[in-house]
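Next come the chains, spelled out residue by residue.
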Amino acid sequence: MPAKHHQSVIPSCTPCRHRVCVPLITHLDQCGCHDRAVLLYEYVGKRIVDLQHTEVPDAYRGRGIAKHLAKAALDFVVEEDLRAHLTCWYIQKYVKENPLPQYLERLQP
């Protein structure tokens, strides 16, 4: 009888230097595999952050994880009263789909 595979995603934001990491834990019976979804960023001025890239492992794509990364990053920009340059195409798309005034007024051309 083949083993049953149970998968669940447990996101937990961990700030790292110049990236936000979200550990993703896949439970396959009793042993787990650890991957990370990542949002890369860089401060390009005293109050300007460049949101450069999101990356989600193939096995986790289509589950809304990049959307959570984008929202967390933009909420951080708002909370810290920063300006954001959006190099990442996915975050650009997220802002177009969620044109909240608090996001739009903080965008750096």
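Check the entry above for the structure.
Rules used in this analysis
- Residues numbered from 1 in each chain as written.
- Predicted model: local features only at pLDDT ≥ 70, side-chain atom pairs only at ≥ 80, totals over all residues.
- Heavy atoms only, no water.
- Salt bridge = Lys/Arg side-chain N within 4 Å of Asp/Glu carboxyl O.
- Helix = DSSP H or I, 4+ residues; strand = E, 2+ residues; numbered from the N terminus.
- Buried < 20%, exposed > 50% of the residue type's maximum accessible area, 1.4 Å probe, protein only.
- Phe/Tyr/Trp six-rings, centres within 6.5 Å; stacked < 30°, edge-to-face > 60°.

Colleague: Help me understand the pattern of salt bridges, please; the structure alone is not making it clear to me.
Modeller: Side chains that carry opposite charge are capable of pairing whenever their charged atoms lie near each other. Counted by the stated rule, this structure contains 5 salt bridges. The shortest N-O distance in the salt bridge between Asp-58 and Arg-61 comes to 2.9 Å. Across the pair Glu-97 and Lys-93 runs a salt bridge, and its minimum N-O distance is 4.0 Å. Residue Glu-97 and its partner Lys-93 are located together in helix 2 (residues 89-97), separated by 4 residues, close to a single helical turn. Residue class for Lys-93 comes out partly exposed when judged on its relative accessible area of 35%.

Colleague: What should I look at first to understand the packing of aromatic side chains in this one?
Modeller: In this structure the tally under the stated criterion is 3 aromatic pairs. Judged by centre distance (6.1 Å) and plane angle (80°), the rings of Tyr-41 and Tyr-43 are edge-to-face. By relative accessible area, which is 17% here, Tyr-41 ends up buried. Measuring from centroid to centroid gives 6.4 Å for Tyr-94 and Tyr-103, while their planes differ by 45°, and the two rings are tilted. You can call Tyr-94 buried: its relative accessible area is 7%.

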